[in-house]
Amino acid sequence: QVQLVESGGGLVQPGGSLRLSCAASGSIFSINVMGWYRQAPGKQRELVATHTSGGITNYADSVKGRFTISRDNAMNTVYLQMNSLKPEDTAVYYCNAFFKRSPLRVTEVYWGQGTQVTVSS
């Protein structure tokens, strides 16, 4: 059984900061990519940022310069530091992980349950 558990969401005023965490646990041999996505009401889920095991990061244009993704490979945990938050950042934030259960197994992808981020005054 593999689980991704997110934490750190909440209500914050515009211009404020939040830090999200996502810890993967269970039958995991290795994780290649971990990432953050978000889904606002009435909109499709969209990429926020990704982080490979080798340290390569990728960001959506809308968050570049404000959000930072980081990762602790030993702990199978990914973080998202969100600064200068805007009302349009309001969404449910989901993490995911592309992983293998063993060297010969195929790559699987799991998603967390989501954490709500609300930016409002």
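Here the structure is shown first, and the text comes after it.
Note that this is a predicted model, so its numbers are computed, not measured. (Residues numbered from 1 in each chain as written. Predicted model: local features only at pLDDT ≥ 70, side-chain atom pairs only at ≥ 80, totals over all residues. Heavy atoms only, no water.)

**Details of the sheet that holds strand E1 (residues 2-7)**
Overall, antiparallel pairing links the four strands, which are arranged E1-E3-E8-E7 in an open sheet. With one partner strand each, in any of the chains shown, E1 and strand E7 (67-72) form the two edges of the open sheet. In this sheet, neighbouring strand axes are inclined to one another by 15° on average, regardless of whether the strands run parallel or antiparallel. Sheet analysis places strand E3 (residues 18-26) next to strand E8 (residues 77-82), joined by six bridges and oriented antiparallel. Considered in E8, the bridge of Leu-18 is made with Met-82. (Pairing = 2+ DSSP bridges. Helix = DSSP H or I, 4+ residues; strand = E, 2+ residues; numbered from the N terminus. Axes fitted to C-alpha atoms, helices over the stretch in contact; angles between N-to-C directions.)

**Quick word on the pattern of salt bridges**
Applying the stated criterion across every chain yields a total of five salt bridges. Lys-64 is the partner of Asp-61 in a salt bridge, and the nearest nitrogen-oxygen pair spans 3.1 Å. In this structure, Glu-108 engages Arg-101 in a salt bridge whose closest nitrogen and oxygen atoms are separated by 2.6 Å. One salt-bridge network, in which partners are shared between bridges, spans Arg-38, Glu-46, Arg-66 and Asp-89. (Salt bridge = Lys/Arg side-chain N within 4 Å of Asp/Glu carboxyl O.)

**A closer look at the nonpolar core**
Of all hydrophobic cores here, the largest spans 29 residues; its most connected members are Trp-36, Val-48, Phe-67, Leu-80, Met-82 and Tyr-93. Of all the secondary-structure elements, those providing two or more residues to this core are E1, E3, strand E4 (30-39), strand E5 (46-52), E7, E8, strand E9 (91-100) and strand E11 (115-119). Examining the composition of this core, we find that five residues originate from one element, E9, more than from any other. (Core = buried A, V, L, I, M, F, W, Y, C linked by side-chain atoms within 4.5 Å. Buried < 20%, exposed > 50% of the residue type's maximum accessible area, 1.4 Å probe, protein only.)

**Some details on a nonpolar patch on the surface**
Together, Phe-98, Val-109 and Trp-111 line one region of the surface with nonpolar side chains, adding up to about 250 Å² of accessible area. For Trp-111, the location among the structural elements is in strand E10 (residues 108-111). Residue Trp-111 is classed as partly exposed on the basis of its relative accessible area of 37%. (Patch = residues over 30% accessible without salt bridge, like charges linked within 9 Å, V, L, I, M, F, W, Y side chains within 5 Å. Areas by Shrake-Rupley, 256 points an atom, 1.4 Å probe, with all protein chains shown as cover.)

**Topic: the packing of aromatic side chains**
Enumeration over the complete set of coordinates arrives at two aromatic pairs. Ring plane angle 65° and centroid distance 5.1 Å describe the contact between Tyr-37 and Trp-111, whose orientation is recorded as edge-to-face. Of the two residues, Tyr-37 is situated in strand E4 and Trp-111 in strand E10; the sequence distance between them amounts to 74 residues. We classify Tyr-37 as buried; its relative accessible area is 19%. Here the aromatic rings of Phe-99 and Tyr-110 are separated by 5.3 Å at their centres, their planes lie at 70°, and the arrangement is edge-to-face. (Phe/Tyr/Trp six-rings, centres within 6.5 Å; stacked < 30°, edge-to-face > 60°.)

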